[in-house]
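An overview of the molecular structure
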Amino acid sequence: TMNISHEVFERNKKYLAPDDDFIMHYLVSRGTSSYYFAPPSRPTVLIRCISVLPVYEKQARNYQEGIHLVVAGTRQIPAECLDPKIKYTNRLCNSSAMFEARMVNPNAWAVMLDVHGRVAEGPLYNCLMVRNGKLLTPRLHSALPGITRGTLMKLARENGIETDEADLYVYD
């Protein structure tokens, strides 16, 4: 992977300013086949080199101005049907939730609930909140145990901030 990643960077560095930060974004699919149940011939791998400046500029505005959250009517797929620990972006419910939020406000972020009405996660991100000085996140029964989520919880604990996984609801 490192050789391929290095090659992608080398091919794209001419598009980056000398002080640009960038990320390597990896997408892997099971590959193509002639029909759905046929075994794929080999995985398809896409590696993108992306400047993070536009992302950081938008995130900075979100931190300064806040974000518009929309609770989507589309629910998260129950863990009994699909293990939430699997990270993939090919979930129709994720896209539907984002479309719902963007119909309300083009800059809105969607929050998805599980089938019991508890906060689960966003279409491509974990949800965390601060209440009474404590960092809270939904239990993992219907949410991905994301790397950023875990890192934030760890950093909070290391800095004396109490953390907890809880059943969170919209009114929280």
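The structure we're discussing is the one just above.
Our subject in this report is the structure included herewith. Keep in mind that what you see is a predicted model, and the values were worked out from it rather than measured.

A word on the sheet that holds strand β3 (residues 69-71)
- Reading across from one edge, β3-β4-β5 is the order of the three strands in this open sheet, with mixed pairing throughout. Two strands lie at the open edges of the sheet, namely β3 and β5 (119-121), each paired on one side alone. When the angles between neighbouring strand axes are averaged without regard to direction, this sheet yields 45 degrees.
- Looking at chain direction, strand β4 (residues 109-113) and β5 are connected through two bridges and run antiparallel. When the sheet's bridge partners are listed, Leu113 is paired in β5 with Val119.

As for the packing of aromatic side chains
- With the rule as written, the count across this model stands at three aromatic pairs.
- Pairing Trp109 with Tyr125 gives two aromatic rings, centres 5.0 Å apart and planes at 55 degrees, and the pair type is tilted. Residue Trp109 is located in strand β4, and its partner Tyr125 is located in the loop between β5 and β6 (129-131); the two are separated by 16 residues in the primary sequence.
- Centroid distance Tyr169 to Tyr171: 5.7 Å. Interplanar angle 5 degrees. Geometry classified as stacked.

Things to note about helix α4 (residues 147-158)
- Taking 1.5 Å per residue, 12 residues should reach 16 Å; α4 reaches 16 Å between its end C-alpha atoms and fits that length.
- Buried within α4 we find Arg149, Met153 and Ala156. All buried residues of α4 lie within an arc of 65 degrees about the axis, which places them on one face of the element. Among the exposed residues of α4, those pointing more than 90 degrees away from its buried face are Ile147, Thr148 and Glu158.

Describing the pattern of salt bridges
- Taken as a whole and judged by the stated rule, the model has eight salt bridges.
- Here Lys134 and Glu162 are joined by a salt bridge, their closest N and O atoms 3.4 Å apart. On the criterion of sequence distance, the pair formed by Lys134 in strand β7 (residues 134-138) and Glu162 in the loop between α4 and β8 (163-166) is long-range, its members being 28 residues apart.
- Residue classification places Lys134 among the partly exposed residues on the basis of a relative accessible area of 23%.
- Among the ionic pairs, Asp167 bridges to Arg139, the shortest N-O distance being 3.2 Å. One end of the pair, Asp167, is in the segment after β8; the other, Arg139, is in the loop between β7 and α4, and 28 residues separate them in sequence.
- Look at Asp167 and you get partly exposed, because its relative accessible area is 30%.
- Relative accessible area serves as the criterion here: at 38%, Arg139 is assigned to the partly exposed category.

What to know about the side chain of Thr163
- With respect to the element layout, Thr163 can be found in strand β8.
- Judged by relative accessible area, which is 17%, Thr163 ranks as buried.
- Reaching out from Thr163, the side chain makes a polar contact with the side chain of Arg157 at a distance of 3.3 Å.
- In this structure, Thr163 is in contact with Lys134, Leu135, Met153, Ala156 and Arg157, ignoring residues within four places of it in sequence.

Quick notes on the rules
Residues numbered from 1 in each chain as written. Predicted model: local features only at pLDDT ≥ 70, side-chain atom pairs only at ≥ 80, totals over all residues. Heavy atoms only, no water. Pairing = 2+ DSSP bridges. Helix = DSSP H or I, 4+ residues; strand = E, 2+ residues; numbered from the N terminus. Axes fitted to C-alpha atoms, helices over the stretch in contact; angles between N-to-C directions. Phe/Tyr/Trp six-rings, centres within 6.5 Å; stacked < 30°, edge-to-face > 60°. Expected span 1.5 Å × (residues − 1). Buried < 20%, exposed > 50% of the residue type's maximum accessible area, 1.4 Å probe, protein only. Arc of directions from axis to C-beta. Salt bridge = Lys/Arg side-chain N within 4 Å of Asp/Glu carboxyl O. Polar contact = N/O pair within 3.5 Å; in protein donor to acceptor, adjacent residues only side chain to side chain. Contact = heavy atoms within 4.5 Å.

Interpretation note: all reported values are geometric properties and have no functional meaning in isolation.
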